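Here is how the chains run, residue by residue.
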Amino acid sequence: MSVEYTNIDLQIDGHRVYGLPRVLVLLIIGSMFGFLFVTLMHSDIASWSSACYNAYQVPSVIGNLDSSNLVQETGNDAAHAKVLAQNNTTLADQLFQEVRVLCWVMTNPNNHQAKALHVKRTWASRCNKILFMSTTVDPVLNSIALPVKEGRHHLWAKTKEAFKYIHKHHLDDADWFLKADDDTYVVLENLRYMLYPYSSSNPIYFGCKFKVSVKQGYMSGGAGYVLSKEALKRFVEKAIPNKSCRQDSGGSEDVELGKCLELVNVLAGDTRDSLGRSRFFPMSPEKHLIPNNDDWYLRYSYYNTDEGIEYCSDNAISFHYVSPNQMYVLDYLIYRLRPYGITGYSPPLPKRLSVEDNTVGLRAFSSNESYKPDKQNRMTNK
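On a predicted model such as this, the values are computed, not experimentally measured, just so you know.

S.K.: Can you tell me about the nonpolar core, naming the residues and giving the values?
M.R.: Membership of the largest hydrophobic core comes to 81 residues, with the highest contact counts inside it found for Trp123, Leu191, Tyr205 and Phe235. Sequence-distant contacts of Leu191, defined by excluding residues within four places in its chain, comprise Val101, Leu178, Val226, Phe280 and Ile317.

S.K.: For the packing of aromatic side chains, give the residues involved together with the corresponding values.
M.R.: This structure, assessed with the given rule, holds 12 aromatic pairs. Taking the centre distance of 5.7 Å and the plane angle of 80° together, the rings of Phe163 and Phe235 count as edge-to-face. Within this pair, whereas Phe163 is found in helix H6 (residues 155–169), its partner Phe235 is found in helix H8 (residues 229–239), the two being separated by 72 residues in sequence. Residue classification places Phe163 among the buried positions, given a relative accessible area of 0%. Judged by centre distance (6.4 Å) and plane angle (75°), the rings of Trp296 and Tyr297 are edge-to-face. One aromatic cluster is present, formed by Phe210, Tyr218, Trp296, Tyr297 and Tyr300 through successive ring pairs. For the cation-ring pair, Arg272 lies above Tyr303, with the distance from its terminal atom to the ring centre recorded as 3.8 Å. The ring of Tyr196 has Arg352 lying over it, and the distance from NZ or CZ to the ring centre is 4.0 Å.

S.K.: Requested: an account of the environment of Ile290, with residues and values cited.
M.R.: Note on placement: Ile290 falls in the loop between helix H10 (285–289) and helix H11 (295–300). The class of Ile290 is exposed, set by a relative accessible area of 53%. Between the alpha carbons of Ile290 and Gly308 there is a distance of 5.3 Å; along the sequence they are 18 residues apart.

S.K.: Explain the state of the cysteines to me, using residue names and the numbers behind them.
M.R.: Counted by the stated rule, this structure contains two disulfides. Each disulfide pairs two cysteine sulfurs, and for Cys245 the partner residue is Cys260, the sulfurs being separated by 1.9 Å. Here Cys245 and Cys260 share a disulfide; its torsion about the S-S bond, 95°, makes the bridge right-handed. With a gap of 15 residues between them, Cys245 in the loop between H8 and helix H9 (253–263) and Cys260 in helix H9 connect regions that are remote in the sequence. There is no split in this pair, since Cys245 and Cys260 are both buried. Bonded cysteines in the protein chain are paired 1-2, 3-4 when counted in the order they occur along the chain.

Calculation criteria
- Residues numbered from 1 in each chain as written.
- Predicted model: local features only at pLDDT ≥ 70, side-chain atom pairs only at ≥ 80, totals over all residues.
- Heavy atoms only, no water.
- Core = buried A, V, L, I, M, F, W, Y, C linked by side-chain atoms within 4.5 Å.
- Buried < 20%, exposed > 50% of the residue type's maximum accessible area, 1.4 Å probe, protein only.
- Contact = heavy atoms within 4.5 Å.
- Phe/Tyr/Trp six-rings, centres within 6.5 Å; stacked < 30°, edge-to-face > 60°.
- Helix = DSSP H or I, 4+ residues; strand = E, 2+ residues; numbered from the N terminus.
- Lys NZ or Arg CZ within 6 Å of the ring centre and 35° of its normal.
- Disulfide = S-S within 2.5 Å.

Now the structure itself:
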């Protein structure tokens, strides 16, 4: 069998080229289109996502809005968005004023644009104050250049310097102080709801509690942890100068923090909801919602729990290993998406704990008793 090659005459830069095989011409044209397609596919998706997100920001809450004056016609998304923005914000606005949270995000120069910027554009905007702790100044993030070396082996040093900076410059700007990574997603409204009953004048901190390495347990760094003002003061003023608190930059940041806080009688609090379900999560949402036999989390967890949606609180607070794209997806699903005809329900705020209730666990811990969680709320179906 023979193959006939048909030649094509072309002009290149004004010069006529004779006898160019049709197959070669098609190959050149195909290569050009293929290169263009690959280039477009590998463009910065995260930047595209953030641009789209910024173009469709949730409208600001409009005070004293008379919804009866809005045009209630089918498909009037603008009017619906205004009503939606007003709905169910009274409690959130109240908590924003009464439970002030300073958030600081652990990041590094390589992640400023790749990760931290997307934190700033999503959940961090709901903090009372946000600080990005790095080793270089970034005017977009307004990051703080801490006097430490960069790298995983220096995270403990960076954590100490970050809290020292906050203690010196921002102690009175908040009641609670949240540390998160640049791939952590936090629902601030649920965090304030959990913190509401507690007094920030008590030495206590919260997070995803693990049971290894520290007697009372310690909080996972990836899931984020939040210190009361008194806990922050004790850590900086008493724990860091104490020689029993690790003085070098090595060690796991979250474990070392747990040891030092235990040293100065800061209680590792219980963050489970009233049904015993977890609220801080050290992995991404799908890892916790869909059972995958990843038993390290179950082995480390301070409380008896399991994988699956029934073990995740309706008022979940944080997830870890969240990509920049997922930041925008979660922001949309939590704050914009609403199933038509279904109105969300916010339970009433819990009563603030009395001085006696606030100090029950603290007295037990400071008297060297083993602090044990309430077994009645512990999940028993594992």
